[in-house]
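Structural characterization, general
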There are 2 protein chains.
Amino acid sequence: MGSLAIGQRSLGDPRIGFPLWPPLTDGCPRTSTADVAYPVDVDYDYERAGAELYPALLPPLPAPGLGEGRTPLVELEPGVFVKDESRNPTWSHKDRLNRCTVSAAVGVGAAGVVVASSGNHGASAAAYAARAGLPCVVITGPEPQPGVVAFLRAYGAVVMAVPWEGRWPLMRRIAERAGLHPVSSTTVTHTGHPFGPEGYKTIAYEIHADLGTPEAVFVPTGYGELLYGIAKGFTELRRLGRARRVPRMIACEPAAAAPLVKALREGVPAAHVEVGATDAGSIVSPVSGYRGVLAVRSSDGRALAVTDPQLRAAQAELARAGLWTELAGAAGLAGLRALGPVEGPVVCVATSSGLKNPVRDSAPAPAVVTDWAQAARILTASGHFQL
Amino acid sequence: MGSLAIGQRSLGDPRIGFPLWPPLTDGCPRTSTADVAYPVDVDYDYERAGAELYPALLPPLPAPGLGEGRTPLVELEPGVFVKDESRNPTWSHKDRLNRCTVSAAVGVGAAGVVVASSGNHGASAAAYAARAGLPCVVITGPEPQPGVVAFLRAYGAVVMAVPWEGRWPLMRRIAERAGLHPVSSTTVTHTGHPFGPEGYKTIAYEIHADLGTPEAVFVPTGYGELLYGIAKGFTELRRLGRARRVPRMIACEPAAAAPLVKALREGVPAAHVEVGATDAGSIVSPVSGYRGVLAVRSSDGRALAVTDPQLRAAQAELARAGLWTELAGAAGLAGLRALGPVEGPVVCVATSSGLKNPVRDSAPAPAVVTDWAQAARILTASGHFQL
């Protein structure tokens, strides 16, 4: 059996349906307003779903894969599990999304893909486009890090540095004029690509297969696509009678912005905030998306704002357990620790590899050691060793 | 059923056996000479092996895991598969080894581990030691890259920069005086840790489960531990009647050194060479180890020397298929391409993530684009797009 996807459905008004093709990359054309854009969602013929969730409950996937997903669930302490998404082809969770979005590009016969990103999303899109034989344009912020540029160019992407205010219009124009399929949001209120969260559903399927249904899932949250995708996966498992409930979805945003916290507090579909200073650049955003609101509300979850010191503490805790994450990737555990003891089991999603942290040249170089006396001093000073 | 490991056996003379504990980290005490050190190997009670290879044919593993292994086999072209070892906990194949070597440290009740490495091996040892609650000392070369130091320190390792000529004596002294277990070689002719290649055997088991027995396996080769471990895994499958043959093991060394090529040509157990300039620092070595000779000879394989331009071409080819590797990690495919068309299926092992490549600050920054005319020029110049 192939994909059971049968259409797209507006999240602004679920009574409004659309055909599956073409994917509505600008969000719902019926319910979106000048102020708020609403996403559309892929709908399936659930009545026909059998024992196998893959590929039945994914969109059609004509783009070849790279062995994404099937990441391990590592037990950090009794009842606390880490879903380590750094084990994906480009070492972040974004690969699950891009397998689906690049498949949409292949499905519509696009000449290539275009993506706006200064990090994980762009590199992942570039890799899946390369694998599918499609060119990829990545629109970064005005001053991308050299490591990110090298990462993007390795996959052959055409990289353009664009001031943020010009991002959306330029992206739409490139898409139109060069016939490229956008695989990131083209709207200010985040709608993203309708196929994107479908890739993230597999995280729910995998957690359920490994652990059953946890009490809660703590998710690093920027626009809420990952949060929504995991919630949708568990919701499907409940609908199919495989799970009795959906875990509480806990969105963990950087306190420097936290638009979803604001949207939920104010009861609005999406909120705008000022962005303060943070090193969690991968998930900081001045605007949220409606998917985040839906995921938290439908699961009796909540949104938490975590500070950079809390992120650093969580990153260090994970690394001291052998799991080194990008700073933003530790937001799930940071949220759990901020909340204090909760009933388990819980899963913290760790989204990305610590190798993506910027290298600080200012960090002290290790001492050069040429004799035992020097070594002994260092060993003693570390506090770990008795000589 | 637990581990079926029953002892250690000299590779210098397989008639000579030793108990399983303690692991003989300085190689075989009976056959090694002042000129050549011989490794020891873990032996199993193969008669009792049943359907499950894990954990029967691994050493006892008291150190907790991090979800290492089970990496995907990605088809690059018909008959050519890439085993992507960048999907491991610290994003290289070394995690398979260190699960076993750190388990040895736990098994002997060591106060910690010590490792000499300027890269993947050290970071992996640091992660597994951290996971096991043991301190870790990493002895790097005299000028480790800042990115590597950050990687090691993330896991809490104590990092010492040591001139290469002082490495072995200092490492042995640290091990003795602080009660640390060495998880990398303590001998000049490479013997390594007896448990190390056991971890690599699982690559053979996984390839066999996914693909059957390929015609050949192309392996980035430094000291030959990975090469030997994969060969041993297939040899065990043949011994157990699951496979009819062992694939040809093709060692792929950087042409800047290539001691295994020399050892095989001269018919000696290990060779010393001058080391020329290369960017494949992860696998360049002035001396080989006897395991490499055994793996190539016993499988009717061969050793190839690949140049830096060949490595770069293979790295680019993999990245354009969505798999970005460390330069040294592309040596397997570089070897296959150097050899010309071969009968398939073949597997090229890709050992490590492209995120570990040093970032060149000299690389050109992307153009800053503020209007469509600039974007159009860049798109046209790329040769990919018609506007």
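Residues numbered from 1 in each chain as written. Chains lettered and ligands numbered in written order. Predicted model: local features only at pLDDT ≥ 70, side-chain atom pairs only at ≥ 80, totals over all residues. Heavy atoms only, no water.

1. Some words on the relation of the copies chain A and chain B
One copy of the chain maps onto the second through a rotation around an axis plus a translation along that axis. Condition: When the copies are overlaid, the least-squares fit takes in C-alpha atoms only where the residue has pLDDT of at least 70 in both copies. Residues count as neighbours in contact if any of their non-hydrogen atoms are within 4.5 Å of one another.
Superposing chain A onto chain B requires a rotation of 180 degrees together with a translation of 0.0 Å along the rotation axis, leaving an RMSD of 0.0 Å. Here the symmetry operator amounts to a two-fold rotation axis. When each C-alpha of chain A is compared by its distance to the rotation axis, A:R87 comes out closest, at 2.3 Å. Comparing interface residues between copies, 100% of those in chain A also lie at the interface in chain B; the contact surface is shared.

2. So, the interface of chain A and chain B
Here is the rule: Note on terms: buried area is the combined drop in 1.4 Å-probe accessible area of two parts once they are placed together, counting the loss on both. The term salt bridge refers to a side-chain nitrogen of Lys or Arg lying within 4 Å of a carboxyl oxygen of Asp or Glu. A run of H or I in DSSP becomes a helix once it reaches four residues, and a run of E becomes a strand once it reaches two; helices and strands are each numbered from the N terminus.
Taken residue by residue, the interface counts 69 residues in chain A and 69 residues in chain B. Note on chain A versus chain B: buried area summed over both sides is about 5,700 Å², and carbon and sulfur give 69% of it. When residues of chain A are sorted by the area they lose upon contact with chain B, A:W91, A:L355 and A:W372 head the list and together hold 13% of the total. Put simply, chain A and chain B have zero salt bridges between them. Counting only elements with at least two residues in the side of chain A that touches chain B, the list comes to β4 (73-77), α2 (120-132), α3 (146-154), β8 (158-161), α4 (167-178) and α11 (372-382) of chain A. Considering each element in turn, the side of chain A that touches chain B owes the most residues, seven residues, to α3(A).

3. Side note on helix α4 (residues 167-178) of chain B
Definition in use: One less than the residue count of a helix, multiplied by 1.5 Å, gives the span that helix is expected to have. Only protein chains enter the accessibility calculation, which uses a 1.4 Å probe; a residue whose area is less than 20% of its type maximum is buried, one above 50% is exposed, and one in between is partly exposed.
Counted at 1.5 Å a residue, the expected span for α4(B) with its 12 residues is 16 Å, and the 16 Å between its end C-alpha atoms agrees. All buried positions along α4(B) are accounted for by B:R167, B:W168, B:L170, B:M171, B:I174, B:A175 and B:A178. Check the buried side of α4(B) and you find it contacts α11 of chain A together with β6 (112-116), β7 (136-140), β8 (158-161) and β9 (180-182) of chain B. Two residues or fewer past α4(B), B:G179 is found with a positive phi of approximately 70 degrees.

4. Section: the domain arrangement of chain A
Residues and elements named next belong to chain A. This is how the line gets drawn: Segment limits for the domains were obtained from an automatic or database-derived domain assignment. Here a polar contact is taken to be a pair of N or O atoms separated by no more than 3.5 Å, where protein atoms must pair a possible hydrogen donor with a possible acceptor and residues adjacent in sequence count only if both atoms sit in side chains. Following the grouping adopted for this structure description, the nonpolar residues are Ala, Val, Leu, Ile, Met, Phe, Trp, Tyr, Cys and Pro, the charged ones are Asp, Glu, Lys and Arg, and the polar ones are all others, Gly among them.
Here chain A is described as being made up of domain 1 (73-89 + 194-356) and domain 2 (94-182). Measuring from the centre of the C-alpha atoms in domain 1 to the corresponding centre in domain 2 gives 24 Å. Contact residues are listed per partner, giving 18 residues for domain 1 and 12 residues for domain 2. The interface formed by domain 1 and domain 2 holds two salt bridges in total. Between R96 and E206 there is a salt bridge, with its nearest N and O atoms 2.8 Å apart. If you look at where domain 1 meets domain 2, you find six residue pairs in polar contact (both at pLDDT 80 or more). A total of seven residues in the side of domain 1 that touches domain 2 trace back to one element, the largest contributor, which is helix α5 (residues 196-211). Residue composition of the side of domain 1 that touches domain 2, by class: five nonpolar, six polar and seven charged.

5. Some words on the side chain of B:H93
Along the polypeptide, B:H93 turns up in the loop between β5 (80-84) and α1 (94-107). The contacts of B:H93, once residues within four sequence positions are left out, are B:E85, B:N88, B:Y200, B:L226 and B:T351.

6. Some points on the UniProt feature "domain: Tryptophan synthase beta chain-like PALP" (unreviewed entry) in chain A
Note the cut-off: UniProt positions are given in the numbering used here, feature names are shortened, and annotations may be inferred rather than shown by experiment.
As recorded in UniProt, the sites labelled "domain: Tryptophan synthase beta chain-like PALP" (unreviewed entry) are residues 66-351 of chain A. Along residues 66-351 of chain A, the helical share is 41% and the strand share 17%, with 17 Å between the first and last C-alpha atoms.

7. Notes on the sheet that holds strand β2 (residues 17-18) of chain B
All names here are of chain B. We apply this condition: Pairing between strands is defined by DSSP: at least two bridges between them are needed.
In spatial order, the strands read β2-β1-β3; together these three strands make up an open sheet with antiparallel pairing. For this open sheet the edge positions go to β2 and β3 (40-44), each flanked by a neighbour on one side alone. Where strand β1 (residues 5-10) and β2 come together, two bridges link them in antiparallel fashion. Bridge pairing links R9 to G17 in β2.

8. Structural notes on the packing of α1(B) against helix α2 (residues 120-132) of chain B
All names here are of chain B. Quick reminder of the rule: Working convention: axes come from line fits to C-alpha atoms, limited for helices to the stretch in contact. Angles between N-to-C directions cover 0 to 180 degrees. Roughly parallel refers to an angle under 35 degrees, roughly antiparallel to one over 145, roughly perpendicular to one between 65 and 115, and oblique to any angle outside these ranges. Handedness of each helix crossing follows the sense of rotation of the near helix against the far helix: counterclockwise by less than a right angle gives left-handed, clockwise gives right-handed.
With their axes 9 Å apart at the nearest point, α1 and α2 run at an angle of 45 degrees to one another. For the element pair α1 / α2, the angle class is oblique. For the element pair α1 and α2, the recorded crossing hand is right-handed. Contacts between α1 and α2 involve K94, D95, L97, N98, R99, V102 and V106 from the former and N120, H121, S124, A125, Y128, A129 and A132 from the latter. Of the residues in the contact of α1 with α2, the class split is seven nonpolar, four polar and three charged.

9. Quick notes on unusual backbone geometry
Residues A:Y54 and A:P55 are joined by a peptide bond in cis, for which omega reads -5 degrees. Note that A:P55 resides in the loop between β3 (40-44) and β4. Along the chain, B:G344 connects to B:P345 via a cis peptide bond; the corresponding omega equals -5 degrees. Tracing the backbone shows B:P345 in the loop between α10 (331-339) and β13 (346-350). Of note, the phi angle at A:A258 is positive, near 60 degrees, even though the residue is not glycine. Topologically, A:A258 is positioned in the loop between β11 (248-254) and α7 (259-266). Here the phi dihedral of B:R70 falls at roughly 55 degrees; this positive angle occurs in a residue that is not glycine. Position of B:R70 relative to the elements: it lies in the loop between β3 and β4 (73-77).

10. Here's the deal with the pattern of salt bridges
Residues and elements named next belong to chain A. Across all of its chains, the model carries 30 salt bridges over all chains by this definition. Across the pair R99 and E68 runs a salt bridge whose closest N-O atoms are separated by 2.7 Å. Of this pair, R99 sits in helix α1 (residues 94-107) while E68 sits in the loop between β3 and β4, and the two are 31 residues apart along the sequence. Where salt bridges share partners, they join D41, E198, K201, K232 and E236 into one cluster.

11. Observations regarding the pairing of β13(B)
Residues and elements named next belong to chain B. Within β13, five of the five residues are buried, which leaves it mostly tucked inside the rest of the structure. Side chains of β13 alternate between two faces, with V346, C348 and A350 and V347 and V349 buried alike. Of the pairings in the sheet, the one linking β5 to β13 comprises five bridges and is parallel in character. Along β13, the bridge assignment pairs V80 with V346. Where strand β10 (residues 216-220) lies against β13, three bridges are found, and the strand directions are parallel. The partner of A216 across the bridge, within β13, is V346.

12. Concerning the sheet that holds β10(B)
Residues and elements named next belong to chain B. The mixed open sheet is built from six strands, whose spatial order is β4-β5-β13-β10-β11-β12. Both outer strands of the open sheet, β4 and β12 (302-306), are each paired with one neighbouring strand and no more. Each adjacent strand pair in this sheet contributes to an overall mean axis angle of 25 degrees, direction not counted.

13. Looking at the state of the cysteines
All names here are of chain B. To keep things clear, this is the line we draw: Disulfide: a pair of cysteine sulfur atoms within 2.5 Å of each other.
Following the criterion strictly, the structure yields zero disulfides over all chains and no others. Here C136 stays unpaired: no disulfide links it, and the sulfur of C100, its closest cysteine neighbor, is 16 Å away. What makes C136 buried here is its relative accessible area of 3%. Unpaired in this structure, C252 has its nearest cysteine sulfur neighbour in C348, at a distance of 7.4 Å. Given a relative accessible area of 0%, C252 falls into the buried group.

14. With respect to α10(B)
An α-helix turns once every 3.6 residues. As a result, residues three or four positions apart point the same way. Inspection of α10(B) places B:A331, B:G332, B:L333, B:A334, B:G335 and B:L336 among the buried residues, and these make up the whole buried set. Once α10(B) finishes, B:G340 follows within two positions and takes phi at roughly 85 degrees, a positive value.

15. Describing the pairing of β8(A)
Residues and elements named next belong to chain A. Inclusion rule: By convention, orient the strands away from the viewer: a clockwise path from the first strand over the helix to the second makes the crossover right-handed.
What you see with β8 is no split at all: V158 and M160 on one side and V159 and A161 on the other are buried throughout. Across four bridges, the pairing between strand β7 (residues 136-140) and β8 is parallel. Among the inter-strand pairings, V137 is bridged to a residue of β8, identified as V158. The β-α-β motif built from β7, the intervening α3 and the parallel element β8 has right-handed crossover chirality.

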